[in-house]
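Chain by chain, the residues run as shown.
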There are 2 protein chains.
Amino acid sequence: MPPFYKRLHRKKDGRELFLYGLMPLEGPPLPEDAEPFRPAPHLRYHPLRGEWVVYAAHRQGRTFLPPKEHCPLCPSREGGFPTEIPFPSFQVAVFENRFPSFVEEAPPPPEGLPVAAGKALGRCEVVVYTPAHTGSLATLTEEERLLLAWAWRDRYEALYALPGVRFVMPFENGGEAVGVTLHHPHGQIYAYPFVPPVLERESQAFRERPVLLELFPNLGPYVVDEEEGFLAFVPPFARYPFEVWVAPVERHPGPWTFSEGEMAAFARLLGRVVARYDALFGEPFPYVMVFHAAPLGEEATFHFHVEFYPPRRTRDKLKFLAGTELGAGTFVVDALPEETAKALRAALP
Amino acid sequence: MPPFYKRLHRKKDGRELFLYGLMPLEGPPLPEDAEPFRPAPHLRYHPLRGEWVVYAAHRQGRTFLPPKEHCPLCPSREGGFPTEIPFPSFQVAVFENRFPSFVEEAPPPPEGLPVAAGKALGRCEVVVYTPAHTGSLATLTEEERLLLAWAWRDRYEALYALPGVRFVMPFENGGEAVGVTLHHPHGQIYAYPFVPPVLERESQAFRERPVLLELFPNLGPYVVDEEEGFLAFVPPFARYPFEVWVAPVERHPGPWTFSEGEMAAFARLLGRVVARYDALFGEPFPYVMVFHAAPLGEEATFHFHVEFYPPRRTRDKLKFLAGTELGAGTFVVDALPEETAKALRAALP
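Residues numbered from 1 in each chain as written. Chains lettered and ligands numbered in written order. Predicted model: local features only at pLDDT ≥ 70, side-chain atom pairs only at ≥ 80, totals over all residues. Heavy atoms only, no water.

The name an unreviewed UniProt entry assigns to chain A is Galactose-1-phosphate uridylyltransferase, from the organism Thermus thermophilus. What the UniProt record of chain A gives under Sequence similarities (unreviewed entry) is the line "Belongs to the galactose-1-phosphate uridylyltransferase type 1 family." (UniProt positions renumbered as here; feature names shortened; annotations may be inferred.)

Next up, the structure:
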């Protein structure tokens, strides 16, 4: 049995909030706001790139870098500002995003569009890593990080069970350099009604050959860190300077097949990768982190892994995606993976 | 015959410089620096995404936002700082990039890599739009913009003639928000030794159906501007707020099949799109602009078009590419194309 407690609270506006804890979570909720929740995203098909684009016009108004005392991801206080989490304390909280790109009750797309369109069915969730307003995956305690890993796993199972969901992706946008709009340590989960293009291509590659299993025996100079059964490495074909992947040494389709020991090793290694990033320049290191688990139907060949994309080229310079990356899909990288791997190995003892 | 003069100057370090003019360009060159030019980019294959990644480690040292008096793209002055263009005046200048991602004499990739690797064969050029240090496609005179269009066309013909080149892409990264490192109005051209992923997908789509010819009759509310035989429009499936495409109404594989009249209309419309962007918020509007012409062998079905990707969501907010865009390849857009098209139509009388 997974070593955590879970409590469902239905928010006043109808959204679900799950509280995950190592101890049972008791006590009544505090008062909450109930602004109407009627998101209406829709999909349009890009006929040249062959991919869906999501239109979520309601997102323009979303909360943008609020001051700490109005952080919507902190616990609520008696008589204080009502946050997204109407409880005076929690450990890990997951709730339906108020500005979702996909929703379970998606309305039909506008009529008369000159391109194929569809419903943006699915679900978007926010994962609050800790009640503390500051910190990161690196500063959580080992216990907190393990609970978080179990929460991700629980969400994987719940979201893949939703009708129509084809791919589930936990991710984190960390740092203002990647456009984060809230500082409180958190990530998100998107449950997509289609297999997105990147996962389509990765699935096809894994169907043809066990790409990661073939790579691991030759990974020597690219390994950044390891834990029982898991590797952190700069892929020898990295598209970003300081790109790091974390993967189990044996193939798993997703964290849902990890043993309890593997869950703990995975959580520890993720935390240590972020600690290495932060140690590199002595300050929080911005990154986008995405989980690539098997899309629906790819469980037999897909190899779960986490990809970190940092936007930095050097301490002071950002890597911008521009003409060749955005317009052609070909990345040009200034730093060699074998050198960034060395720097990340040296960043922590 | 194309209505311009062209002069080749071989720079001291061996790189080619082409001067394009409406008048013959005479007079001797000024003294120039000759730092060694030994770029050594190479390719590695990303086995999961199925795409080439370019490693160009020498690029870390490239010139970054120099003060005006050290701008390498200005004309040189007698006794002054030697710029990339050792002439006291010019109209449009094109030279081989000192920090190239592809080169004609590419060395072999490092040995012993754990992934497939290859030579970064090809060529990268810088296109200087004007001798004036400030300005943009919008502020060039009509004559200057037309000369620039002919220079692009001439480079298309020269670069597609190079052995091994499969795709040629003029592009422009405009504005610090997209990482531009030099303010002087300029663009670049990459000649790739493979068909990059985005062009692979577009080519396949065009092989299956004439996507743009089918779209144009239903484009009413998405049209932003037009010129004899050309449309500027927000694609109804835009991936960026304020994305604009410019395309000939009849199918052309690239500008090399335009008539002289079409060259002029194309140049005028490009300039007016940028003028609309700049008028939108009353200040220079950052964008990435890419030219999508037919890759080698796709001339029979590919429909040439220009894509502008602006990084802005609103006047004050940038659109960041993050988890879902970078990690899944699915774009989430806050603004509806029909609304941004309306705003861009209204931006200029």
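Structure shown, so let's carry the discussion forward.
Draft legend 1. Quick look at the pairing of strand β10 (residues 223-227) of chain A. Residues and elements named next belong to chain A. A large share of β10 lies buried, amounting to four of its five residues. Relative to strand β11 (residues 230-233), β10 runs antiparallel, the two being bridged by four bridges. Its bridge partner lying in β11, Val223 is registered against Phe233. With antiparallel pairing between neighbouring strands as the criterion, β10 and β11 make up a hairpin whose turn holds two residues, including Gly229 at a positive phi of roughly 85°. (Buried < 20%, exposed > 50% of the residue type's maximum accessible area, 1.4 Å probe, protein only. Helix = DSSP H or I, 4+ residues; strand = E, 2+ residues; numbered from the N terminus. Pairing = 2+ DSSP bridges.)

Draft legend 2. Looking closely at the UniProt feature "active site" (unreviewed entry) in chain A. All names here are of chain A. What UniProt calls "active site" (unreviewed entry) maps, in this numbering, to His186. Inspection of the secondary structure puts His186 in strand β9 (residues 186-192). Setting aside residues no more than four positions away along its own chain, His186 makes contact with Leu73, Val126, Val127, Val128, Tyr129, Glu172 and Val180. A distance of 2.7 Å separates the side chain of His186 from the backbone oxygen of His184, its partner in a polar contact. (Contact = heavy atoms within 4.5 Å. Polar contact = N/O pair within 3.5 Å; in protein donor to acceptor, adjacent residues only side chain to side chain.)

Draft legend 3. A look at unusual backbone geometry. Its identity is not glycine, yet Phe242(A) carries a phi of approximately 70°, on the positive side. Relative to the helices and strands, Phe242(A) resides in the loop between β11 and β12 (244-248).

Draft legend 4. Inspection of the interface of chain A and chain B at higher detail. Of the residues lining the interface, 77 residues belong to chain A; the matching set on chain B comes to 77 residues. Contact between chain A and chain B buries roughly 6,500 Å² in total, counting both sides, with carbon and sulfur atoms accounting for 60%. Joining chain A to chain B, the criterion identifies four salt bridges. Its salt-bridge partner being Arg44(A), residue Glu338(B) comes within 2.7 Å of it at the nearest N-O pair. Counting the contacts that link chain A with chain B gives 24 residue pairs in polar contact (both at pLDDT 80 or more). When grouped by side-chain class, the residues that make up the side of chain A that touches chain B number 48 nonpolar, 15 polar and 14 charged. (Buried area = accessible area lost by both parts, 1.4 Å probe. Salt bridge = Lys/Arg side-chain N within 4 Å of Asp/Glu carboxyl O. Nonpolar A, V, L, I, M, F, W, Y, C, P; charged D, E, K, R; others polar.)

Draft legend 5. Up close: the domain arrangement of chain A. All names here are of chain A. Partitioning chain A into domains gives domain 1 (1-194) and domain 2 (197-349). Using C-alpha coordinates to define each centre, domain 1 is positioned 24 Å away from domain 2. Contact with domain 1, which involves 30 residues of that partner, is made by 31 residues of domain 2. Note on domain 1 versus domain 2: buried area summed over both sides is about 2,600 Å², and carbon and sulfur give 67% of it. In terms of surface lost to domain 2, no three residues of domain 1 exceed Arg153, Tyr156 and Phe167, which account for 20% of the buried area on that side. Counting across the domain 1 and domain 2 interface gives one salt bridge. For Glu142, the salt bridge identified is with Arg268, shortest N-O distance 3.2 Å. At the junction of domain 1 with domain 2, the criterion picks out twelve residue pairs in polar contact (both at pLDDT 80 or more). (Domains from an automatic or database assignment.)

Draft legend 6. Fine view of the state of the cysteines. Residues and elements named next belong to chain A. Tallied over the full model, the rule gives zero disulfides over all chains. No disulfide involves Cys71; its nearest neighbouring cysteine sulfur is the one of Cys74, lying 3.9 Å away. Since its relative accessible area comes to 3%, Cys71 is described here as buried. (Disulfide = S-S within 2.5 Å.)

Draft legend 7. Here's a closer look at empty space enclosed by the protein. Inspection of the entire model under this criterion finds three cavities of 30 Å³ or more. Here the largest cavity defines a volume of roughly 320 Å³. Breaking the lining of the largest cavity down by element, the ones donating at least two residues are α2 (197-208) and α5 (323-328) of chain A together with α2 (197-208) and α5 (323-328) of chain B. Its residues placed into classes, the lining of the largest cavity shows twelve nonpolar, two polar and ten charged. A volume near 40 Å³ is recorded for the second largest cavity. In this structure, the second largest cavity is lined by Phe37(A), Glu96(A), Asn97(A), Pro100(A), Phe102(A), Val103(A), Glu104(A), Gly122(A), Arg123(A) and Cys124(A). Residue composition of the lining of the second largest cavity, by class: five nonpolar, two polar and three charged. (1 Å grid on protein atoms, 1.4 Å probe; cavity = no way out; pocket = protein on both sides within 12 Å on 5 of 7 lines; lining within 4 Å. Points joined across faces, edges and corners; volume = space filled by probe spheres on them.)

Draft legend 8. The nonpolar core, seen in detail. Trp152(A), Met289(A), Phe308(A), Trp152(B), Met289(B) and Phe308(B) are the most contacted members of the largest nonpolar core, which has 204 residues in total. Among residues more than four places away in sequence, those in contact with Trp152(B) are Val127(B), Tyr129(B), Leu137(B), Pro170(B), Ile189(B), Leu270(B), Met289(B) and Phe291(B). (Core = buried A, V, L, I, M, F, W, Y, C linked by side-chain atoms within 4.5 Å.)

Draft legend 9. Layout of the environment of Ala300(B). All names here are of chain B. By the element assignment, Ala300 lies in the loop between β13 (287-292) and β14 (305-309). By relative accessible area, which is 63% here, Ala300 ends up exposed. In the structure, Ala300 is positioned 49 residues away from Arg251 in sequence and 9.5 Å away in space, judged by C-alpha atoms.

Draft legend 10. The pairing of strand β2 (residues 16-21) of chain B, seen in detail. Residue and element names in this part refer to chain B. Among the six residues that make up β2, six are buried, leaving the element largely enclosed by the rest of the structure. A two-sided burial pattern is seen for β2, the buried positions comprising Glu16, Phe18 and Tyr20 on one face and Leu17, Leu19 and Gly21 on the other. Judged from the six bridges that link them, strand β1 (residues 5-10) and β2 form a sheet pairing that is antiparallel. For Tyr5, the partnering residue across the bridge sits in β2 and is Gly21. In this structure, the hairpin formed by β1 and β2 is closed by a connection of five residues, where Gly14 is found at a positive phi of approximately 100°. Sheet topology places β2 next to strand β5 (residues 92-96); four bridges connect them, and they run antiparallel. Residue Leu17 lies in a different strand from β5, and its bridge partner there is Phe95.

Draft legend 11. Local environment of the relation of the copies chain A and chain B. Rotating chain A by 180° and moving it 0.0 Å along the rotation axis overlays it on chain B with an RMSD of 0.0 Å. Seen this way, the second copy is the image of the first under a two-fold rotation axis. Closest approach to the rotation axis among the C-alpha atoms of chain A is made by Leu321(A), whose C-alpha sits 4.5 Å away. When the interface residues of chain A are mapped onto chain B, 100% of them again lie at the interface, so the same face is used by both copies. (Least-squares fit on C-alpha atoms with pLDDT ≥ 70 in both.)

Draft legend 12. Spotlight on the environment of Ala40(A). All names here are of chain A. Inspection of the secondary structure puts Ala40 in the loop between β2 (16-21) and β3 (42-46). Residues Ala40 and Pro107, spaced 67 residues apart in sequence, show a C-alpha to C-alpha distance of 6.0 Å. Every residue in contact with Ala40, bar those within four places of it in the chain, is listed here: Tyr55, His58 and Pro107.

Draft legend 13. Summary view of the packing of helix α1 (residues 142-160) of chain B against helix α4 (residues 260-280) of chain B. All names here are of chain B. Taken N-terminus to C-terminus, the directions of α1 and α4 make an angle of 115°; their axes are 9 Å apart at the nearest point. Judged by the angle between their axes, α1 and α4 are roughly perpendicular. When the axes of α1 and α4 are compared, the crossing they make is right-handed. Within the contact between the two elements, α1 uses Glu142, Arg145, Leu146, Ala149, Trp150, Trp152 and Arg153 and α4 uses Glu260, Met263, Ala264, Ala267, Arg268, Leu270 and Gly271. Grouping the constituent residues of the contact of α1 with α4 by class yields eight nonpolar, one polar and five charged. (Axes fitted to C-alpha atoms, helices over the stretch in contact; angles between N-to-C directions. Parallel < 35°, antiparallel > 145°, perpendicular 65-115°, else oblique. Left-handed = near helix turned anticlockwise from the far one by under 90°.)

Draft legend 14. Expanded view of the packing of helix α4 (residues 260-280) of chain A against helix α6 (residues 337-347) of chain A. Residues and elements named next belong to chain A. It is the contact of α4 with α6, at a shortest axis distance of 8 Å, that shows an interaxial angle of 95°. One finds that α4 runs roughly perpendicular with respect to α6. When α4 is examined against α6, the residues Arg276, Tyr277, Ala279 and Leu280 are found in contact with a partner set consisting of Ala343, Leu344, Arg345 and Ala347. Taken together, the residues that form the contact of α4 with α6 break down as six nonpolar, no polar and two charged.

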